[in-house]
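# Architecture and fold: a report
Single-letter residue listing:
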Amino acid sequence: MVFIMGVNFGEGRLVKKALESFYNLGPTSSSRIMAKFSIHKLAKCGSLNPRTVTSLTAELSQMTIDNDARKLMNDNIQRLRDIGSYRGRRHAMGYPVRGQKTQTQTSTASKLNRLPRRV
Amino acid sequence: MASAHSLRSFMRPTVSTTPRSLARAFTTTPLQSAAQGKSSLPPQKQVQVSKKHKKPLVRAKAPNPGERKAFRKRIQLSNNSALEVQGTEDLQPDTMLKSEHAGKMFSIPNDMQDKLRTLEAFKTTQSWNLFRKPHILVRQDLVDLMNKLEAAKGNQEALRLVLTGTKLSGKSHALLQAMLYGMMNNWVVINIPEAQDLTNGNTEYTPVPETSDPYEFIQPVYCYKLLTSIYDANKSVLEGLKLQKDWSATTQQKGAGSLADLIQSAREPDWAWPTFMALWQELQLPGRPPVLFALDGLSHINKKSDYRDPEFNPVHAHDLVLVRTFVDALSGKTKLPNGGAVIAATSGNNRQLQPSQELVLSQLEAGQKGDEVPKPDPYEKGYDERVYDALKNSTVMRLEALSKADARVLMEYWGASGMLRRKIDQHTVWSDWALSGHGIVGELERTSLLTIKM
């Protein structure tokens, strides 16, 4: 088992997939991080040496990912709500925010748009 | 006007008026077996089986990890169902040098088969698995190639050659024969079987310390695999060569020993690259045997690789140090003072379009023939100076199609193996030769050998 950012990943897990399991860390960021530490695209967590794992954790800890990123987004929505903007109100009511129709097909909005927003 | 009732009398009767017993359909089933098979009772209504109590589907066991790949990559060199071909001889070290042997089949000796297998010289796309024992056809152009190799050994200089030709013209096969010749004559043979493995970003890479702009990279796992194959294929030669320098500072080899010991000292991938460099430099010292460095799939090392440097720029394949070693040898930057050859084969199917490579090869070929040398296309943007410089000092050898006589020899061998069950006469040979693009050897195999329904 390999600890990256306090999360336990299996030896056979691809490093790319392990990185992308963090919220707000997608394919572009993961490719850049892997290039920075010269990790090839098929590398598995088990093949990383301990020093690389430490550097990876150090690198990730400087990024806004996972709970930090979630909190940032909720803060942004909260700000809209606090200033009483239209978007803020739509978020709070669980309606679509960007002018979509509401008579039908609002399931995604009603699922996600609430305070705090589900992510 | 006729009533509906009266018109109805013209309709055909819907129910047959003939008695049931007479209205039997015609059948060829004998009476007895017909009586056994069918009862005279009307068929009973089928009982509906509840879907809930269906038996669970038993699936076959899935292959273990790696089994599928092993099956896909396996090389089968003999087939017990094929007939043994009488009258062919084993290859001798000097067989392929003699013109009188051109156009004849020879079998590959058993010990060489193992060595070629460790060098991964056999490809899965070649039909070795159809025959009792691997044989090769000695073609005239390959006799010329072997004589060039022999001359390179005599002149103590490297033959720098690029093998090219149309798809299925036998480029990898020619590379195999060159390796075979080298090993039978006690050369040290190093083979990179698929250049794309080095550049498609699927093997580990680490930057060479203290390099930047451009970064250079080591591929430790691939180097380790390469060292293992060098050791297995050239063990007998390398064991007889004593180390002339002390490599204890850079490798795990402490003190004196042979080159085989040097390779074996690298027990981990981390030590593979320094050990390979030590081996490569030792092989260039005086009194060493000639070296054959072969690579298949040239266009893959003449492009930007799939690796990225720490600044996320694509890494040029020539910045991978193993590739650089090969390219330096091919361009003449590294001299091989003991003689030897650096041979790169292009690939017909698995090729990357590389304008500089196409240009320089066509220029070299035209220059060799004495034709007008093609000029670069002024509108082409993809030219690469590094590729041009790497290839401009080499010789190009284009593999031509087989002659009709050679095609006949090959087809007679297939016939003698029991794989071609047709009468092999002039008509058959000429028609198959014509169908195969006038004797392209792989196409000939497709038209006559691989179309047989067993």
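Above this text is the structure in question.
So, a few notes on the structure that sits alongside this text.

What counts, and where the lines are drawn
- Residues numbered from 1 in each chain as written.
- Chains lettered and ligands numbered in written order.
- Predicted model: local features only at pLDDT ≥ 70, side-chain atom pairs only at ≥ 80, totals over all residues.
- Heavy atoms only, no water.
- Contact = heavy atoms within 4.5 Å.
- Buried area = accessible area lost by both parts, 1.4 Å probe.
- Salt bridge = Lys/Arg side-chain N within 4 Å of Asp/Glu carboxyl O.
- Core = buried A, V, L, I, M, F, W, Y, C linked by side-chain atoms within 4.5 Å.
- Buried < 20%, exposed > 50% of the residue type's maximum accessible area, 1.4 Å probe, protein only.
- Helix = DSSP H or I, 4+ residues; strand = E, 2+ residues; numbered from the N terminus.
- Pairing = 2+ DSSP bridges.

This part takes up the interface of chain B and chain A. Contacts between chain B and chain A engage 14 residues on the former and 11 residues on the latter. Carbon and sulfur atoms make up 58% of the area that chain B and chain A hide from each other, which totals about 930 Å². Among the residues chain B hides against chain A, the three largest losses belong to N202, Y205 and F312 of chain B. Together they make up 52% of the total. Between the two partners, chain B and chain A, sit 1 salt bridge. Note that D306 of chain B is salt-bridged to K41 of chain A, the shortest N-O span being 3.6 Å.

All names here are of chain B. By size, the foremost hydrophobic cluster in this structure holds 60 residues, and its most contacted members are L238 and L279. Among the elements that take part in this core, helix α8 (residues 220-239) stands out by supplying 8 residues, more than any other. Residues L77, W128, W187 and A233 belong to the second largest nonpolar core, which totals 43 residues.

To continue, consider the pairing of strand β5 (residues 188-192) of chain B. Extensive coverage of β5 of chain B is indicated by the burial of 5 of its 5 residues. Side chains V188, I190 and I192 of chain B of β5 of chain B all project onto a buried face; the interleaved residues V189 and N191 of chain B project onto the opposite face, where all are buried too.

Residue and element names in this part refer to chain B. The 3 strands are arranged β1-β2-β3 in an open sheet whose pairing can be described as mixed. Unpaired on one side and paired on the other, β1 (89-90) and β3 (135-138) mark the two borders of the sheet. Judged from the 4 bridges that link them, strand β2 (residues 104-107) and β3 form a sheet pairing that is antiparallel. Bridged to F106 within β3 is I136.

All right, on to the environment of P93 of chain B then. Residues and elements named next belong to chain B. Along the polypeptide, P93 turns up in the loop between β1 and β2. Of the residues examined, P93 reaches a relative accessible area of 32% and is grouped as partly exposed. Spatially, the C-alpha atom of P93 lies 35 Å from that of S431, the residues being 338 residues apart in sequence. P93 has contacts with Y181, M184 and N185, leaving out every residue within four places of it along the chain.

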